[in-house]
Amino acid sequence: MTIVLQIVITIMTATPHWNFKDLILKEIKQNGGFVNAHAHIDRAFTITPDSLDIYRKHTLEEKWDLVDAVKDASEEVYYKRISQGLELMISQGVTAVGSFIDIDPIAEDRAAKAAVRAKNQYKSQIAVVLINQVLKGVIEPGARKWFDRAMEYVDIVGGLPKRDERDYGKGAEHIDILLSSAKKYGKMAHIHVDQFNTQKDKETELLADKTIEHGMQGRVVAVHSISLASHPQEYREKVYAKLKKAEVMVIGCPTAWIDAPRHEELQPFHNALTPVDELVKHGITVAIGSDNIADYMLPFTDGDMWNELKLMAIGNRFMNLDELVKIATVNGRKVLGLSS
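Values in this document were obtained by computation on a predicted structure and should not be read as measured data. (Residues numbered from 1 in each chain as written. Predicted model: local features only at pLDDT ≥ 70, side-chain atom pairs only at ≥ 80, totals over all residues. Heavy atoms only, no water.)

Visitor: An account of helix 8 (residues 141-150) is needed here, citing residue identities and associated values.
Guide: Listed as buried for helix 8 are Ala143, Trp146, Phe147 and Ala150. An end-on view of helix 8 places all buried positions within 105° of arc, on one side of the element. You can read the cap of helix 8 off the contacts: a side-chain oxygen lies 3.0 Å from the backbone nitrogen of glycine 142, and it is on glutamate 140. (Buried < 20%, exposed > 50% of the residue type's maximum accessible area, 1.4 Å probe, protein only. Helix = DSSP H or I, 4+ residues; strand = E, 2+ residues; numbered from the N terminus. Arc of directions from axis to C-beta. Polar contact = N/O pair within 3.5 Å; in protein donor to acceptor, adjacent residues only side chain to side chain.)

Next comes the structure, spelled out in structure tokens:
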């Protein structure tokens, strides 16, 4: 029975105490529980009142390095953060989570070792899928060393092409390295793309092209793709067709980008959100994540998956309740490689 049919029946029987939240959460539970498809739980709960200025005064790109201050932590500190993040997920009925974990010249493999411990500790309560974060890129030799080392710890290959595009003009090569490694090790790839809400970003299209080039159809997930909505409709339609052909899936993290800073670039009117309404219309698999939780990147994000789903629905005027349930459940498991 669809949610819409349940609502009709409820109205006809004049039951006075129903609401969309109750109906959707009931369906989510019946479909296996929430899936948080994108998080960074190794940095969770690291914001303090004294460090709020980092959020206020610095750009995302600057924070890629400023966050080093909380990455130089012991394995035990990482384990406590990750455990706290997992317990937060479990408390709200999340049954699976995909989390990027910093593995680079600063964190080395301390966060990875802690994450593997926590994954095993909580495996009876939540499925944990580990993905390597590459804030230092994959081009510089020291960063590449830790990227290669990460393959022994992670379930999915993670990427951030903008880092190497900014530093070396090698965003496409970054993607080549990610997809080559993913193919070599038989892993999926989750790649941060189009995060800056500008028409200058065309990484989602590049990722679709590279996915086909590397023969990785159905194994690649674009994380965010915020900038798609800033482009004219003709361009968006072209990219949706490419994503469909490449079988690239998408994860939206609504709260993570609703705070996109103002700028003077003229573009189609839109909210700073992954354009879920259009993606679903074009048959592209969409999942949802919390992204960062109470850290330098997102101090006020609390990892509440209902709030994330609600913002996704409201911000996109997306009222297909059955699809929202899929986004929160079965699609999340699909993008994490937990089911077909």
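Visitor: Any chance you could break down the side chain of asparagine 36 for me, citing the residues and the numbers?
Guide: Relative to the helices and strands, asparagine 36 resides in strand 1 (residues 34-39). A polar contact is formed between the side chain of asparagine 36 and the backbone nitrogen of histidine 38, at a distance of 3.3 Å.

Visitor: Before we move on, could you go through the side chain of serine 225 and cite the residues and values that matter?
Guide: Within the secondary structure, serine 225 sits in the loop between strand 6 (220-224) and helix 12 (233-246). Using a relative accessible area of 0% as the deciding quantity, one classes serine 225 as buried. Discounting chain neighbours no more than four positions away, the residues touching serine 225 are Val193, Asp194, Thr204, Val250, Thr274 and Pro275. (Contact = heavy atoms within 4.5 Å.)

Visitor: Can you tell me about the pairing of strand 1, naming the residues and giving the values?
Guide: Burial analysis of strand 1 places six of its six residues in the buried class, which makes it a mostly covered element. Where strand 1 and strand 2 (residues 94-102) come together, four bridges link them in parallel fashion. Pairing of valine 35 across the sheet is with alanine 96, part of strand 2. (Pairing = 2+ DSSP bridges.)

Visitor: Help me get a handle on the packing of aromatic side chains, residues and values and all.
Guide: The final tally for this structure, using the stated rule, is one aromatic pair. In this structure, arginine 81 is placed above the aromatic ring of tyrosine 78, and the distance from its NZ or CZ to the ring centre is 5.0 Å. Positioned above the aromatic ring of tyrosine 79 is the side chain of arginine 117, whose terminal nitrogen or guanidinium carbon lies 4.1 Å from the ring centre. (Phe/Tyr/Trp six-rings, centres within 6.5 Å; stacked < 30°, edge-to-face > 60°. Lys NZ or Arg CZ within 6 Å of the ring centre and 35° of its normal.)

Visitor: Before we move on, could you go through the pairing of strand 6 and cite the residues and values that matter?
Guide: Across the five residues of strand 6, five count as buried, placing the element largely inside the fold. Judged from the five bridges that link them, strand 5 (residues 188-193) and strand 6 form a sheet pairing that is parallel. Paired with histidine 190 across the two strands is valine 221, which belongs to strand 6. For the crossover from strand 5 across helix 11 (residues 203-213) to strand 6, the handedness is right-handed. Across three bridges, the pairing between strand 6 and strand 7 (residues 249-252) is parallel. Across the sheet, valine 223 pairs through a bridge with isoleucine 251, a residue of strand 7. Handedness of the crossover joining strand 6 and strand 7 through helix 12 is recorded here as right-handed. (Right-handed = clockwise from strand over helix to strand, strands pointing away.)

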